[in-house]
Structures are given as C-alpha cells and as structure tokens.
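Commentary on secondary and tertiary structure
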Amino acid sequence: MTDAAAPPLAQRLLLVTDAWSPQVNGVVRTLERLVAELRAMGCEVEVISPADGYRTVPLVTYSEIRLALGAREDIEARFTRFAPDAVHLATEGPLGWEARAVCLKHGFPFSSCYHTQWPEYVTARFPFVPLAAGYGFVRAFHSRSGRVMVSLPSMRERLEQRGFANLAHWRRAVDTELFHPSRRGVEGGLFADLPRPIFINVGRVAVEKNLEAFLSLDLPGSKVIVGDGPDRAELQGRHPNVLFTGYKTGGDLARAYADADVFVFPSLTETWGGVMVEALAAGTPVAGFDAPGPKDLDPRVAAVSDDLRGACLRALELSRDAARSYAERFSWRACAEDFQRNLAPLPPPQRRRLFARLRLLRRRRWPKAA
C-alpha cells in the first residue's frame, strides 16, 4: 500500500481499560506510558477507567483490582461528547464489554489488545473451569475487533490456533533511561549482604506466575523476589531463605534489576513479559522456560529450556552488554507509532454524520443536559 492510499491516523482516541492506577501491574504501566507518548505525539486521548467514579467490586482472588459496573450509559455519553476517531478496548473486563456494546450499537469500529492470558489464569485459580471455556469468553470479546494487537510471535501463533482473527503485531517498549546498567553496584549494591550470584524475579506473587518452579531450584548464591500478591505469605513461609522485598518502583526497582546476575522468569502464561526487557535494559540476562516470552528473546541474551536450573546457570555466562544492546531497540516512540497505526479509525465523513446524529438524539432525549 502506498502512503497516498494509507488510511488517516487517529488523532482523537477513546481508550477504555479495566486496568488503571492505583492498580500496580505491567498492563497499567504500559498503558500509562503509552498514553503519555501518544499525547506527546499530538494525539488527544480520553481514558475511561475504574478510576472515573463508577461503582466497583473487587475481582475474585485479586482484591486490589476493582471492576467497574453499570457504566454503559456514561460510556455512551462520553463517546458522543468526545467524538473519537478511533476506539481501543484494552481489556476484556466489564468496561471493555460495555464499550464494545456501545461501538456495536452505533456501527463504530474498534481495536483491542491481548494483554493477559486470562483463560490460563482462571484455570490455574479454579481448576474446575475448562481452559476452552475461558478461551471461548475472550475469543467472543475480540471477535468483532478490527485489529487484535499481540506483541509476541509465539503468542500470535497460539491465538491463531485458538481461532482468533484480525491479529496484528504491536511492538512494545521499555524505559531505557530508568532501567540502565549504570545503576549496578551503586553504594555497594542493594544485595551487598547476600551470597552471589543473585537470581531475581520481579512481578506479581501469584499462582499463575509459576514462582514455585524457580524457588524450589537448587541454585548457588541467593534468590530474590521483588513484588507482592496473594501467594506471598505462603511462598515466604515455604522458602525462608529467599529474600522477599515487596513492591519496588522507580530507581529502587531499577537498582534491583541492575544488581541481579540473572533474571529468572518461570511464568508459562505471558503475552509480553515486559519485566524481562526491563531486566535486559539493566544489563541482566534472562533465564526461562521454553514458553511465550522467553522463547521470543534473542538466545544471546536469554537462556531458555525446559530445564529451568540449567537455563539459570547458562544465563550466568551471557553478556550483560549484549543484554543492554538488545533492550535499546524497544523505544516508546516506536511502540506508540505501532499502536497508532494499528487503530481502526472511522473515515471522517461517516464519523461526522454519526456524531451529529447522536448529539441530535441526545438533545431530544435529554434537552436540559444537552
């Protein structure tokens, strides 16, 4: 396709997400930084999230995640007022489903993203729920999406096998200024009192992260877990020799990555694994299973095997300089440009007619509010 034939880029984006601050997770960090980058590029972004004052309930087994209920009328009103060029549904939660219904009602195209392997997460928590049922749920959500953004080649292949359509690659990013090898050993290092080498994992301490596979390994040196979650108390009691630091952010998190010798990623249910690239940006090689995420990395910076212990030991020999060089290709500007190209904007004439009609209908229905 030539540049002349390329569709116009969306300059007004309505982003709907069930994952937003004060939640602490990779999806939230990604979306917040993405929105900042899009705005810096001149894109006007309206975010609809659980932080907008909706009635919320805690997600079962994830009490810190609040799900917004009964938001469809407000979403439709904000959709009409904002008159976006494009709509992106970031998550498959209640807000995502409500916004999906609004888009379908008015024939407005939308894009979506496969951020989280919810079918695997749900089955890990509730084994009586078949994996096929979970995939049926999320496949239905994405079935009308113009583009389903996916970040890993291996994840795209898996979704294609599960019957997903309209899959599009979305290049992701890492903050290479915050996560940097220069933080290694500052003031003696965060782990100066621990025997080396340091094997570290950063992320949510929960069953779907498969942390027991890492913590039960017979490895030299020390193991460190940075993060928190519902399984922390149980794992900490079972592994008293492991250092559990709780959450770290900003410079403290960056130092933790840099002061480690190997980043161990035992998860089998990732759609991106941004913590791995943060570790690489700090110069710390990765060890993981032969699964989506680790298997998509360059073998010069990640040791991947069904034998996780062997992968951990091999990762000690990998180049920290190569790890840093690999991470430098993941810029936020490239990520935002990829995302913007993947949006599905409605052509301007149709968009103007649609929102003129919707505003007229709203004035007739609620004349005082209009």
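Data block above holds the structure.
Residues numbered from 1 in each chain as written. Predicted model: local features only at pLDDT ≥ 70, side-chain atom pairs only at ≥ 80, totals over all residues. Heavy atoms only, no water.

1. Observations regarding the overall build of the protein
Tallying secondary structure elements over the protein gives 14 helices and 14 strands in all. A compact globule built from 370 residues would reach a C-alpha radius of gyration of about 21 Å, and the protein, at 22 Å, matches this within 12%. For the C-alpha atoms alone, the extent of the protein along its principal axes is close to 70 × 50 × 40 Å. For the protein, the proportion of its 370 residues judged to be buried stands at 52%. (Helix = DSSP H or I, 4+ residues; strand = E, 2+ residues; numbered from the N terminus. Rg over C-alpha atoms; globule rule 2.2 N^0.38 Å. Buried < 20%, exposed > 50% of the residue type's maximum accessible area, 1.4 Å probe, protein only.)

2. Notes on the sheet that holds strand β12 (residues 262-265)
Each strand in a sheet pairs with another by means of backbone hydrogen bonds, the pair being arranged parallel or else antiparallel. If you walk across this open sheet you meet the six strands as β11-β10-β9-β12-β13-β14, and the pairing is parallel. Looking at the sheet topology across the chains shown, the edges are occupied by β11 (243-246) and β14 (302-304). Averaged over neighbouring strand pairs, the angle between their axes works out to 25 degrees when direction is ignored. By the bridge criterion, five bridges tie strand β9 (residues 198-202) to strand β10 (residues 222-226) in an arrangement that is parallel. (Pairing = 2+ DSSP bridges. Axes fitted to C-alpha atoms, helices over the stretch in contact; angles between N-to-C directions.)

3. Points about helix α4 (residues 118-125)
Where α4 is concerned, the buried positions are Pro-119, Glu-120 and Tyr-121. Its buried side turned inward, α4 meets β4 (62-69), α5 (131-142) and α6 (153-161). (Contact = heavy atoms within 4.5 Å.)

4. Some remarks on the side chain of Lys-223
Along the chain, the position of Lys-223 falls in strand β10. Buried charge without a salt bridge: Lys-223, with Asp-218 as the nearest opposite-charge side chain at an N-O distance of 6.8 Å. Polar contacts involving the side chain of Lys-223 include one to the main-chain carbonyl oxygen of Leu-217, which spans 2.4 Å. Apart from the residues lying within four places of it in its own chain, the contact partners of Lys-223 are Phe-199, Phe-214, Leu-215, Ser-216, Leu-217, Val-242 and Leu-243. (Lys, Arg positive; Asp, Glu negative; His and termini not counted. Salt bridge = Lys/Arg side-chain N within 4 Å of Asp/Glu carboxyl O. Polar contact = N/O pair within 3.5 Å; in protein donor to acceptor, adjacent residues only side chain to side chain.)

5. Quick word on the nonpolar core
Grouped together as the largest cluster of nonpolar side chains are 42 residues, with contacts concentrated most on Tyr-114, Ile-200, Tyr-257 and Phe-263. With six residues, the top contributor of residues to this core is helix α10 (residues 274-281). In this structure, Leu-34, Val-35, Val-45 and Leu-343 belong to the second largest nonpolar core, which totals 25 residues. (Core = buried A, V, L, I, M, F, W, Y, C linked by side-chain atoms within 4.5 Å.)

6. Some thoughts on the pattern of salt bridges
On inspection of all chains with the given rule, the structure shows 21 salt bridges. Measuring nitrogen to oxygen at the nearest pair gives 3.6 Å for the salt bridge that ties Asp-338 to Arg-171. Note that Asp-338 is positioned in helix α13 (residues 332-342) and Arg-171 in the loop between β8 (167-169) and β9, a separation of 167 residues in sequence. For Arg-171, a relative accessible area of 33% gives the class partly exposed. Between Arg-238 and Glu-212 there is a salt bridge; the shortest N-O distance is 2.8 Å. Of the two residues, Arg-238 sits in helix α8 (residues 232-238) while Glu-212 sits in helix α7 (residues 211-215), which places them 26 residues apart along the sequence. Because the salt bridges share partners, they merge into one network encompassing Glu-46, Asp-52, Asp-74 and Arg-78.

7. Observations regarding the environment of Ser-112
In this structure, Ser-112 sits in strand β6 (residues 111-113). For Ser-112, a relative accessible area of 0% gives the class buried. The spatial distance from the C-alpha of Ser-112 to the C-alpha of Val-87 is 8.6 Å, given a sequence separation of 25 residues.

8. Let's talk about the packing of aromatic side chains
Evaluation of the coordinates by the stated rule reveals 13 aromatic pairs. Relative to Phe-141, the ring of Trp-97 has its centre 5.2 Å away and its plane inclined at 70 degrees; by these criteria the two rings are edge-to-face. Remark: Phe-141 occurs in helix α5 and Trp-97 occurs in helix α3 (residues 94-105); sequence separation between them is 44 residues. The exposure class assigned to Phe-141 is buried, which follows from its relative accessible area of 0%. Through a chain of ring-to-ring contacts, three or more aromatic side chains come together here, namely Phe-179, Tyr-257, Phe-263 and Phe-265. In this structure, Arg-12 packs its charged tip against the face of Phe-82, placed 4.3 Å from the ring centre. Positioned above the aromatic ring of Trp-170, the side-chain terminus of Arg-172 is 4.8 Å from the ring centre. (Phe/Tyr/Trp six-rings, centres within 6.5 Å; stacked < 30°, edge-to-face > 60°. Lys NZ or Arg CZ within 6 Å of the ring centre and 35° of its normal.)

9. Things to note about unusual backbone geometry
Here the amide bond leading from Ser-21 into Pro-22 is cis, since omega sits at 15 degrees, within 30 degrees of zero. Within the secondary structure, Pro-22 sits in the loop between β1 (12-16) and α1 (26-40). Of the consecutive residues Arg-196 and Pro-197, the connecting peptide bond is found in the cis state with omega at 5 degrees. Within the element layout of this structure, Pro-197 appears in the loop between β8 and β9. One non-glycine residue, Asn-166, adopts positive backbone phi at about 60 degrees. Assignment of secondary structure puts Asn-166 in the loop between α6 and β8. Under the relative-accessibility criterion, Asn-166 is labelled partly exposed at 43%.

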